[in-house]
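What follows is each chain in one-letter form.
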Amino acid sequence: MSKPVITAFDWVPWFARGLVRDLRVRWALEEVGQDYDVRYLPQGSQKALPHRALQPFGQVPTYERAGLTLFESGAIVQHIAETHDGLMPAEAGGRARAIEWMYAALNTVEPPIMDYAIATLFEAEEPWSAPRLPSIMARIAERLDELARRLGESEWLDGSFSAGDLLMIAVLRQLKGTPLSTAHDNLAGYVARGEARPAFQRALAAQLAAFTGSPPSGYEFLDKPPQDQGERQ
Amino acid sequence: MTRPLITAYNWAPDEGRGLVRDMRVRWALEEVGQPYGVRHLNWGEQKEPAHRARNPFGQVPAYEEDGLVLFESGAIVLHIAEKGPGLFPEDEAGRARAIEWMFAALNTVEPVVWDLVMAKVIEGDKDWAKARLPGVETRLRERLDELSARLGGAEWLDGGFSAGDLLMVQVLRNLSRSGIMDAYPNLTLYVARGEARLAFTRALDALRAGLTGKPPAGWPR
């Protein structure tokens, strides 16, 4: 069968590099040893045809293979896990629990983390962001406490590494550089174990190497962190 | 197989509108014709160790069946859909696209819907709440514009009714009192079609019949 083709951006703001959601799909493909091709989109073209026809919400990634087109990184990771060995246990109960952790990552843990990104990056200058931040941090901290308690001293969330761990680690990585990322030693170790996997390393390197495009006009200031531009914090 | 057992609250702050997440699981069970039992929790009991063992995040629903314990309504709906028939198409590609819409409902649309609920209900009394609301509504409308454009004049998101529609309709039902859906006649009809399904009605009736508990002390806040 032909190689799958995914979509990714050729440029994103500095703070999104290594976090864009095609990373989740690249990582899954690397874990199962499936070669893939990438179609790169210039920033902005994701909101127009022809990409909109593949992805109604104008986002990356998409996945195309043998006439099947999918969007939503969670669904793509699940599809890869179901059509290859290595990301889901063969036994029905273990498989259901791996899927449970996929949904826990994307529907329970990620939403307050998205909120944090809005408050600290996209709306950082808005007057409501500073007063809202403590409650957002508290909501994330509650989820992290619960997750840390469940993980305990285990290596992965349920037996062997699965698609559930892959998505959970991808979600938790978004907290890097914040005090929340170091609040629990066992979660920090869990994320580090995920990032140490050769498949993750290859996926990350591939995403980072592809940011060869230019920022859209007016967004040049997001090409580098403020401190690298010689500005005062 | 023994009857699965789900957990639900015996009281919830949504006034029996069926917005608590056990509704998704009840609806899915009704769609596939699977009888089930319910373990009812008093409000607050979801954070106790006995329930935390079933759901580490202290939420409902949990699902128990022949020694398998699951949490996360999306994962439970998927598990039920696989017992089918009724919630997944037969062909592999159609099934993958139904799963795509499940994730779209829960990871793309629900966060912006929940953000509006938070902004209006939970943070509504803050002095900055009003200033923040337009941005929240803009993000939500962008997603609804996109969803409405994709649905067009179709009955369901991809062919026949699927687990993806079930979750999307349940997510959109959170907006029914906001007025924001008025700008989207096709989405309003889509939600109404979901709510008109017999399985939905049976699930909502069962959910309401289980609301025999009392609100916690101090309610309404």
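Residues numbered from 1 in each chain as written. Chains lettered and ligands numbered in written order. Predicted model: local features only at pLDDT ≥ 70, side-chain atom pairs only at ≥ 80, totals over all residues. Heavy atoms only, no water.

### Here we look at the overall build of chain B
Here comes step 1: Scanning chain B from terminus to terminus reveals eight helices and four strands.
Here comes step 2: Ordered by position from N to C terminus, the α and β elements of chain B give β-α-β-α-β-β-α-α-α-α-α-α.
Here comes step 3: Taken against the 2.2 N^0.38 rule, which gives 17 Å for 221 residues, the C-alpha radius of gyration of chain B at 18 Å falls within 12% of a compact globule.
Here comes step 4: Expressed as lengths along the three principal axes of its C-alpha atoms, the size of chain B is roughly 50 × 50 × 25 Å.
Here comes step 5: Within chain B, buried positions represent 57% of all 221 residues.
Here comes step 6: Across chain B, contacts joining residues at least 24 apart in sequence account for 69% of those joining residues at least 6 apart.
Here comes step 7: Charge-centre separation for chain B: the mean point of 28 positive side chains lies 5 Å from the mean point of 31 negative side chains. (Helix = DSSP H or I, 4+ residues; strand = E, 2+ residues; numbered from the N terminus. Rg over C-alpha atoms; globule rule 2.2 N^0.38 Å. Buried < 20%, exposed > 50% of the residue type's maximum accessible area, 1.4 Å probe, protein only. Contact = heavy atoms within 4.5 Å. Lys, Arg positive; Asp, Glu negative; His and termini not counted. Charge placed at Lys NZ, Arg CZ, Asp CG, Glu CD.)

### Focus on the pairing of strand 4 (residues 68-71) of chain A
Residues and elements named next belong to chain A.
Here comes step 1: Sheet analysis places strand 3 (residues 62-65) next to strand 4, joined by four bridges and oriented antiparallel. Looking at strand 4, one finds that Y63 is bridged to L70.
Here comes step 2: In sequence, strand 3 turns back onto strand 4 through a hairpin of two residues, with A66 there showing a positive phi of about 50°. (Pairing = 2+ DSSP bridges.)

### Details of the interface of chain A and chain B
Here comes step 1: Facing the 51 residues of chain A at the interface are 47 residues of chain B.
Here comes step 2: Taken together, the two surfaces of chain A and chain B that pack against each other cover about 4,000 Å², and 55% of this comes from carbon and sulfur.
Here comes step 3: Area buried by chain A at its contact with chain B is led by F57, Y103 and N107 of chain A, which between them contribute 18% of it.
Here comes step 4: Linking chain A with chain B are eight salt bridges.
Here comes step 5: Here K47 of chain A makes a salt bridge to E142 of chain B, at a shortest N to O gap of 3.6 Å. (Buried area = accessible area lost by both parts, 1.4 Å probe. Salt bridge = Lys/Arg side-chain N within 4 Å of Asp/Glu carboxyl O.)

### What to know about the pattern of salt bridges
Oppositely charged side chains can form a pair if their charged atoms are brought close together.
Residue and element names in this part refer to chain B.
Here comes step 1: This structure, assessed with the given rule, holds 41 salt bridges over all chains.
Here comes step 2: The shortest N-O distance in the salt bridge between R173 and E195 comes to 2.7 Å. Remark: E195 occurs in helix 7 (residues 185-195) and R173 occurs in helix 6 (residues 163-173); sequence separation between them is 22 residues.
Here comes step 3: Given a relative accessible area of 8%, R173 falls into the buried group.

### Concerning the pairing of strand 1 (residues 5-9) of chain A
In the case of a regular strand, side chains alternate between the two sheet surfaces.
All names here are of chain A.
Here comes step 1: Where burial is concerned, most of strand 1 is hidden: four out of the five residues are buried.
Here comes step 2: The parallel pair strand 1 and strand 2 (residues 37-41), bridged by helix 1 (residues 22-31), forms a crossover whose chirality is right-handed.
Here comes step 3: In terms of strand pairing, strand 1 meets strand 3 through two bridges, oriented antiparallel. Paired with V5 across the bridge in strand 3 is E64. (Right-handed = clockwise from strand over helix to strand, strands pointing away.)

### Overview of the sheet that holds strand 1 of chain A
Two orientations exist for strands paired in a sheet by backbone hydrogen bonds: parallel and antiparallel.
Residues and elements named next belong to chain A.
Here comes step 1: If you trace the four strands from one edge of the open sheet to the other, you get 2-1-3-4, paired in mixed fashion. Both outer strands of the open sheet, strand 2 and strand 4, are each paired with one neighbouring strand and no more. Going across the sheet, the axis of each strand differs from the next one's by a mean of 25°, ignoring polarity.
Here comes step 2: Where strand 1 meets strand 2, five bridges bridge the pair, whose relative direction is parallel. Counterpart to I6 in the pairing with strand 2 is V38.
Here comes step 3: The strands touched by helix 1 are strand 1, strand 2 and strand 3; relative to strand 1, the strand with the most contacts, the crossing angle is about 145°. (Axes fitted to C-alpha atoms, helices over the stretch in contact; angles between N-to-C directions.)

### Describing helix 1 of chain A
All names here are of chain A.
Here comes step 1: Among the 10 residues of helix 1, 10 are classified as buried, and the element is accordingly described as predominantly covered.
Here comes step 2: Listed as buried for helix 1 are D22, L23, R24, V25, R26, W27, A28, L29, E30 and E31.
Here comes step 3: Positioned one or two residues after helix 1, G33 has a phi angle of 70°, which is positive.

### Here we look at the nonpolar core
Here comes step 1: Grouped together as the largest cluster of nonpolar side chains are 121 residues, with contacts concentrated most on M168 of chain A together with M102, M168, L172 and L175 of chain B.
Here comes step 2: Filtering out sequence-adjacent residues up to four positions away, M168 of chain B remains in contact with W101, A104, A105, V109, L147, L157 and Y190 of chain B.
Here comes step 3: One finds F9, W11, V20 and F211 of chain A within the second-largest nonpolar core, a separate group that totals 10 residues. (Core = buried A, V, L, I, M, F, W, Y, C linked by side-chain atoms within 4.5 Å.)

### Examining the side chain of E100 of chain A
Here comes step 1: With respect to the helices and strands, the residue E100 of chain A is situated in helix 4 (residues 92-122).
Here comes step 2: No salt bridge is formed by the buried E100 of chain A, whose closest oppositely charged neighbour, R150 of chain A, lies at an N-O distance of 5.5 Å.
Here comes step 3: Here the side chain of E100 of chain A touches F71 of chain B through a polar contact of 2.9 Å, landing on its backbone nitrogen. (Polar contact = N/O pair within 3.5 Å; in protein donor to acceptor, adjacent residues only side chain to side chain.)

### Notes on the environment of K130 of chain B
Residues and elements named next belong to chain B.
Here comes step 1: Mapped onto the elements of the fold, K130 is located in helix 5 (residues 129-151).
Here comes step 2: A relative accessible area of 72% places K130 in the exposed class.
Here comes step 3: Each C-alpha atom, one on K130 and one on R3, is 48 Å from the other, the two residues being 127 residues apart in sequence.

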